[in-house]
Amino acid sequence: METTGLVLYLWLQEEPAPTVQGRRSSLSGVCYLTMGLLVLLLGLVFASMYVYRYFFITQLPRESVFHCGVLYEDSVYSPFKGQLELHEDVKIYIEENYEQINVPVPQFGGSDPADIIHDFQRGLTAYHDITLDKCYVIELNTTIVMPPRNLWELLVNVKKGTYLPQTYIIQEEMIATEHVSDMEQLGSFIYRLCSGKETYRLKRRSARRRISRREAGNCHRIRHFENTFVVETVICKKS
């Protein structure tokens, strides 16, 4: 009887052991499940990055070049010429966030050929008037100039045709102010465009008014487009 009691006592003491083991097994299962979910989430993240990089970004090349033309009417300065035609070459750098536009000598005259850079990182626009071989810099006007991605989408949508839909022209008037001596402060893109050239700051005229004949002799015009309309930028010397 003593031996049996001892055996029974030992058996009763060993009974809780499976419960502890079961808890450990449950904790291990939760850990494995958590690790599995983390691996799955990481796999989804890397898969999304892969899809974005190789399927979406490939549709937005680092550099996109477009040869564009637009038909428009100038009811103020050329009311009897009917439709006018403007051509330009557009380079869009989406990753660097800037646009470069080359406007050749226009067919209608009265406007200068130019190279233009819209730097959205610096918030600056630079005009290189090829006729004068001078540069002019001003704050970027985002109400007129489309951001690179938006402009790229617009030009891709009309790429099947040579011309944008018939549109209109607006005018902005500027005055050349102080000379720029430190070109590096303008950023690398504008620096490459304007290095070695006389460069001036521009200031927008606060009020629109008709330019007199005397002032017109001191003004140069650049017609360009980086939106659904044509812009005539009038740059005048400070009187």
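Preceding this section is the structure that the text describes.
Read on for an overview of the structure. As the structure is a prediction and not an experimental result, all values here were calculated from the model.

Structural notes on the overall build of the chain
No. 1: When you go through the chain residue by residue, the secondary structure sums to five helices and 11 strands.
No. 2: Looking at the chain as a whole, 38% of its 239 residues qualify as buried.
No. 3: Contacts spanning at least 24 positions in sequence make up 60% of the contacts within the chain whose residues lie at least 6 apart.
No. 4: Carbon and sulfur atoms make up 57% of the accessible area of the chain, which totals about 15,300 Å².

Re the pattern of salt bridges
No. 1: Scanning all chains against the criterion turns up five salt bridges.
No. 2: Where Asp74 meets Arg223, a salt bridge forms, and the shortest distance between an N and an O atom there is 2.8 Å. Linking Asp74 in the loop between strand S1 (63–73) and strand S2 (83–93) with Arg223 in strand S10 (residues 219–224), this pair joins segments that are 149 residues apart in sequence.
No. 3: Notably, a salt bridge pairs Glu232 with Arg221, separated by 3.5 Å at the nearest N-O pair. In this pair, Glu232 is assigned in strand S11 (residues 230–236) and Arg221 in strand S10, connecting sequence segments 11 residues apart. Accessibility classification places Glu232 together with Arg221 in one group, the buried group.

A short note on helix H3 (residues 148–157)
No. 1: Along H3, the residues classified as buried are Pro148, Leu151, Trp152, Leu154 and Leu155. Looking straight down H3, one finds its buried side chains confined to an arc of 165°; they lie on one side.

Topic: the state of the cysteines
No. 1: Taken as a whole and judged by the stated rule, the model has two disulfides.
No. 2: Across the disulfide, Cys135 is cross-linked to Cys194 (sulfur-sulfur distance 2.2 Å). For the disulfide bridge between Cys135 and Cys194, the dihedral angle about the S-S bond is near -90°, and by the sign convention the bridge is left-handed. Separated by 59 residues along the polypeptide, Cys135 in strand S6 (residues 134–139) and Cys194 in helix H4 (residues 188–194) bring together distant segments of the chain.
No. 3: Look at Cys135 and you get buried, because its relative accessible area is 0%.
No. 4: Paired by a disulfide, Cys219 and Cys236 hold their sulfur atoms 2.0 Å apart. Across the S-S bond of Cys219 and Cys236 the torsion is about 105°, and the bridge reads as right-handed.

Brief notes about a nonpolar patch on the surface
No. 1: A surface patch of nonpolar side chains, about 610 Å² in accessible area, is lined by Leu33, Leu37, Leu38, Leu40, Leu41 and Leu44.
No. 2: Its place among the elements puts Leu40 in helix H2 (residues 17–56).

Procedures and definitions
In this convention, every chain numbers its residues from 1, walking through the sequence in written order. A pLDDT threshold of at least 70 governs which residues receive local features in this predicted model, and a stricter bar of 80 or more applies before side-chain atom pairs are shown or counted, although totals over entire chains, interfaces and linings include all residues. Side-chain measures here rest on the full set of heavy atoms in the structure, leaving out hydrogens and waters. Strands are runs of DSSP state E lasting at least 2 residues, helices are runs of H or I lasting at least 4, and numbering of each runs from the N terminus. Think of it in three bands: with a 1.4 Å probe and only protein chains considered, a residue is buried below 20% of the maximum accessible area for its type, exposed above 50%, and partly exposed in between. Note on definitions: a residue-residue contact is assigned when non-hydrogen atoms from the two residues lie within 4.5 Å. Areas reported as accessible are Shrake-Rupley estimates using a 1.4 Å probe. Residue values count occlusion only from the protein chains shown. Within this document, salt bridges are pairs made up of a side-chain nitrogen of Lys or Arg and a carboxyl oxygen of Asp or Glu, the two lying within 4 Å of each other. Arc definition: it is the arc formed by the directions from the helix axis to the C-beta atoms. When two cysteine sulfur atoms lie within 2.5 Å, the pair is treated as a disulfide. Patch definition: residues above 30% relative accessible area lacking any salt bridge, with like charges linked at up to 9 Å and the nonpolar side chains Val, Leu, Ile, Met, Phe, Trp and Tyr linked at up to 5 Å.

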